[in-house]
Amino acid sequence: MLEIEIDGKKAQVPDGSTVMDAAQQLGVYIPHFCYHKKLSIAANCRMCLVQVEKAPKPLPACATPVTNGMKVFTHSDLAVKAQKGVMEFLLINHPLDCPICDQGGECQLQDMSVGYGPMKSRYTEEKHVVFHKDVGPLISMQEMSRCIHCTRCVRFGQEVAGVMELGMANRNMHSEIMTFVGRTVDSELSGNMIDLCPVGALTSKPFRYTARSWELQRRKSISPHDSVGANLVVQVKHDNVMRVLPRENDAVNECWISDKERFAYQALSSDARLTRPMVKQGGGWREVEWNVALDYVAHGLKDVAREHGGDAVAALAAQSSTVEELYLLGKLMKGLGSGNIDFRPRQSDFGSDFKRAGAPWLGMRLADIKDLDAALVVGSFLRKDHPLIAQRLRQAAKKYTKVSMLSVTADDQLINLHANLSVAPSQLVFALAAVVRAAAEAKGQAVPAGLENVQTCDTSCRIAASLLDGEKRAVFLGNVATQSADATRIHLLALELGRLTGASVGFLGEGANTVGAHVAWALPSGANARTMFEQPRKAYVLMGIEPEFDCANPQLAIAALRQASLVVCMSAFKNDPALEYADVMLPIAPYTETSGTFVNIEGRVQSFNGVVKARGDARPAWKILRVLGNVLNFEGFDYQSSEEVRDAVIGQGVEFVPGLSNDVNDLLLSLPAAPVAALERIADVPIHFADPMARRAPALLQTADARAPMLRASAGTLAALGLVAGEQAKVRQGEGVAQLMVQLDDKVPANCVRVAAAHPTTAMLGAMFGEITVERA
């Protein structure tokens, strides 16, 4: 520890700290633009110049390391004169357009010009003008003359997002921030550049000119879009959500959020919003009052249960449903005598159900990812499925963490990978088995039973060696591993690998409340998400999901729903396919209009409140389920608030839920028979089509990630199929057919085609990782 004195205040700071670090520890404010605690030091704005005793000239606080006994003066005449001089130079080319600037009211330059800027400019020459640039539908670079060249956006792309999409060209006053040869900014984290920009150069294109910062009310919330549970600030004007920003929490999302979390709010004002209960009568839809709709649902469910038994009723919920909603839905099914409830529509293997030792989770805290010596990610489109976890692994790999990938495509994760192996979906279990065998052999232990015939390779040996080196290691199972037909075997192999190497084993989690759903016990004691469609039921309750986009086999799901006598859709949006097979549409409030609780992938309990009034006659889903239970005269539906429901499930004041475990009991490790050599489908879920809100956000639908799916395959596979890139191909699974453009992609394994799921053009196809037929159109 080193001693330093700043403006008469003394402190002790670790060796290697800068003057800026010490000042923040003491609560001393030093003006700055280019400095950001999550980015590298650039020291190019020079606004943080301070006087250091015995130094011949002012020094930048952000780049000056602390020495023992150092004395610093941040408000001395010399320091203030230097800061004012820097401010005058920063303003010589800056346009005087604060009244029309979208950053007005929350602009660092505007604030500092009051304290450090001259009353009148001495610069009378022509100002340098920078022409606007179109970089995509999310970020506006219309007024780049405002840029002060702090390079925060450039450093963010290189260091956090992992891709240098913006750079600085030219020199001195002619410098410009621009993309490379007219490209757009397409990173899944790009919106964070808007927050980082200290002036009005980079602004939010969807928010632009819709409100002023002082008109907005700021309210806390939690993201429903992925398993991290990012902390949000939702900004509201006249009961409309105008903007969503990150709320800093180093233990969860640091100070970042993904573009999906930032811009999906646009769907809240979509014309597709369902705002009144609707009942189908005589083949047509009509809007009704809530009491009519709930009576219709209650009588319909009761009649089906009485005539066909409780097993004829099934419920399927989204993983973005709150703990309270899932708990009450399960209670409703139990009252009807049904054990058919699930929240895992994209899963196809349920072999570990009721054999788990606890709720599946990450296996560690999110903040501890940075301390790992090695990590293996199995079966994941990591960047798109889990942008914030990918960001943490990206930072860890820059230091000393050996990050390896074992998945079904060789997508560039923008991570400095130690090893990377991509195989066909049917081969994923065998590839992981090879790593297990390599680890056993490296440790000189017996090869686990059933793996004697598994062949290792150089890559599997490198992965095993990395997991045997160091103290803190982890194996993470991604969405593809969970959705695989061999999910249980992959889980058992991961546990065996953890036993051999000492690595923790965890799940990355598909949805916002994957852990919470297990805690709320929204699990089937009867038919699971696959069985309830393979063996069709007479009545279905769908909460927050759209089966044509959200199920492992949409074709199977829609066929089952069409034959049912009663389908109840609880949704925030009207959905054309649902209007065909549903009988009742109940408008539920999205996360901004309800209160509830999410349990993120590390088991952290995060409750939130509604930030605006529910639109139209929409109601929180937990209230609808509570009233439905009362109408059916079931016991235990007398809750007055969502907090009462939460406390009944989790308890009061719980920060992390107990009972988290990835171990399983009474299951033996075995490998499947060698797969038949058939053409396999690889189905990723595009980031902006993963949930109903993102699917309806106009700005997100204009991004590169929202382009229509193509049939992507390697050169060898295309040649074997007689296809040529740029032509049309006909894709068939069962009765479903889609016509797609062919694209050459050598990152796709041999004998596989990549056809995205969860998109209108492919919604009629079958299993996400099943056999597929392709022919020329």
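Residues numbered from 1 in each chain as written. Predicted model: local features only at pLDDT ≥ 70, side-chain atom pairs only at ≥ 80, totals over all residues. Heavy atoms only, no water.

Per an unreviewed UniProt entry, the chain goes by the name NADH-quinone oxidoreductase and belongs to Azonexus hydrophilus. The heading Catalytic activity (unreviewed entry) in the UniProt record of the chain holds the text "a quinone + NADH + 5 H(+)(in) = a quinol + NAD(+) + 4 H(+)(out)". Checking UniProt for the chain, the heading Function (unreviewed entry) contains the comment "NDH-1 shuttles electrons from NADH, via FMN and iron-sulfur (Fe-S) centers, to quinones in the respiratory chain. Couples the redox reaction to proton translocation (for every two electrons transferred, four hydrogen ions are translocated across the cytoplasmic membrane), and thus conserves the redox energy in a proton gradient." (UniProt positions renumbered as here; feature names shortened; annotations may be inferred.)

As a further point, take the UniProt feature "domain: 4Fe-4S His(Cys)3-ligated-type" (unreviewed entry) in the chain. Under the feature "domain: 4Fe-4S His(Cys)3-ligated-type" (unreviewed entry), the UniProt entry names residues 78-117. Each end of residues 78-117 is marked by a C-alpha atom, and these two atoms are 16 Å apart; helix forms 57% of the span and strand 0%. (Helix = DSSP H or I, 4+ residues; strand = E, 2+ residues; numbered from the N terminus.)

What follows deals with the pattern of salt bridges. Taken as a whole, this structure holds 44 salt bridges when the rule is applied. With its nearest N and O atoms 3.0 Å apart, the salt bridge here joins Glu 546 to Arg 695. Separated by 149 residues along the polypeptide, Glu 546 in the loop between β23 (539-543) and α17 (547-550) and Arg 695 in the loop between β28 (680-682) and β29 (711-713) bring together distant segments of the chain. Of the two residues, Glu 546 and Arg 695, neither departs from the other in class, the shared state being buried. Here Arg 712 makes a salt bridge to Asp 745, at a shortest N to O gap of 2.8 Å. With a gap of 33 residues between them, Arg 712 in strand β29 and Asp 745 in the loop between β31 (736-744) and β32 (752-754) connect regions that are remote in the sequence. Connected through shared salt-bridge partners, Arg 346, Glu 510, Glu 546, Asp 550, Arg 695 and Arg 696 make up one network. (Salt bridge = Lys/Arg side-chain N within 4 Å of Asp/Glu carboxyl O. Buried < 20%, exposed > 50% of the residue type's maximum accessible area, 1.4 Å probe, protein only.)

Moving on to the pairing of strand β2 (residues 9-13). Of the strand pairs in this sheet, strand β1 (residues 2-6) and β2 are connected by five bridges, and their pairing is antiparallel. Directly across from Ile 4, in β2, lies its bridge partner Ala 11. Between the end of β1 and the start of β2, which pair antiparallel, lie two residues, with Asp 7 showing a positive phi angle near 50°. (Pairing = 2+ DSSP bridges.)

Let us look at the UniProt feature "domain: 4Fe-4S Mo/W bis-MGD-type" (unreviewed entry) in the chain. In the UniProt entry, the feature "domain: 4Fe-4S Mo/W bis-MGD-type" (unreviewed entry) is given for residues 216-272. Secondary structure over residues 216-272 splits into 9% helix and 35% strand, and the C-alpha atoms at its two ends are 25 Å apart.

With that out of the way, let us pick up the state of the cysteines. Applying the stated rule across the entire model yields zero disulfides. Note on Cys 461: no disulfide assigned, nearest cysteine sulfur contributed by Cys 457 at a separation of 6.8 Å. Among the residues examined, Cys 461 registers a relative accessible area of 36% and is labelled partly exposed. With no disulfide of its own, Cys 551 lies 11 Å from the sulfur of Cys 569, the closest cysteine sulfur. Cys 551 gets classed as buried once you look at its relative accessible area, which sits at 4%. (Disulfide = S-S within 2.5 Å.)

With that settled, the discussion passes to the sheet that holds β1. Note: strands within a sheet are paired through backbone hydrogen bonds, in either parallel or antiparallel orientation. With respect to topology, five strands assemble into an open sheet ordered β2-β1-β5-β3-β4, the strand pairing being mixed. For this open sheet the edge positions go to β2 and β4 (59-60), each flanked by a neighbour on one side alone. Pairing analysis gives two bridges linking strand β3 (residues 49-52) to β4, with the strands arranged antiparallel. The partner of Leu 49 across the bridge, within β4, is Pro 60. The strands that helix α2 (residues 77-91) touches are β3 and β5 (70-73); relative to β3, the one it contacts most, it runs at about 160°. (Contact = heavy atoms within 4.5 Å. Axes fitted to C-alpha atoms, helices over the stretch in contact; angles between N-to-C directions.)

Taken in spatial order, the three strands line up as β11-β12-β13 in an open sheet, and their pairing is antiparallel. Each having just a single partner strand, β11 (217-222) and β13 (240-246) make up the two edges of the open sheet. Adjacent strand axes in the sheet meet at a mean angle of 30°, parallel and antiparallel pairs treated alike. For β11 and strand β12 (residues 231-237), the ladder comprises six bridges, and the chain directions are antiparallel. Residue pairing in the sheet places Lys 220 in a bridge with Val 233 of β12.

Non-glycine residue Asp 666 carries a positive phi angle of around 60°. Of note, the phi angle at Asn 751 is positive, near 65°, even though the residue is not glycine. Mapped onto the elements of the fold, Asn 751 is located in the loop between β31 and β32. For Asn 751, a relative accessible area of 36% translates into the label partly exposed.

Here we take up the packing of helix α8 (residues 323-335) against helix α21 (residues 642-649). For the pair α8 and α21, the least separation of the axes is 9 Å and the interaxial angle reads 75°. As summarised for this structure, α8 and α21 are arranged roughly perpendicular, according to the angle between their axes. Of the residues in α21, those touching α8 at Val 323, Glu 324, Tyr 327 and Leu 328 are Ser 642, Val 645, Arg 646 and Val 649. (Parallel < 35°, antiparallel > 145°, perpendicular 65-115°, else oblique.)

What follows is about the nonpolar core. Within the largest apolar cluster, 147 residues are counted, with the highest numbers of intra-cluster contacts made by Leu 393, Phe 476, Met 570 and Leu 586. The greatest single-element share of this core, amounting to eight residues, is contributed by helix α7 (residues 290-308). Excluding its chain neighbours within four sequence positions, the residues that come into contact with Leu 586 are Leu 274, Pro 277, Trp 290, Ala 293, Leu 294, Val 297, Val 568, Cys 569, Met 570, Ser 571 and Ile 624. Grouped together as the second largest cluster of nonpolar side chains are 55 residues, Ala 503, Phe 549, Ala 683 and Val 748 included. (Core = buried A, V, L, I, M, F, W, Y, C linked by side-chain atoms within 4.5 Å.)

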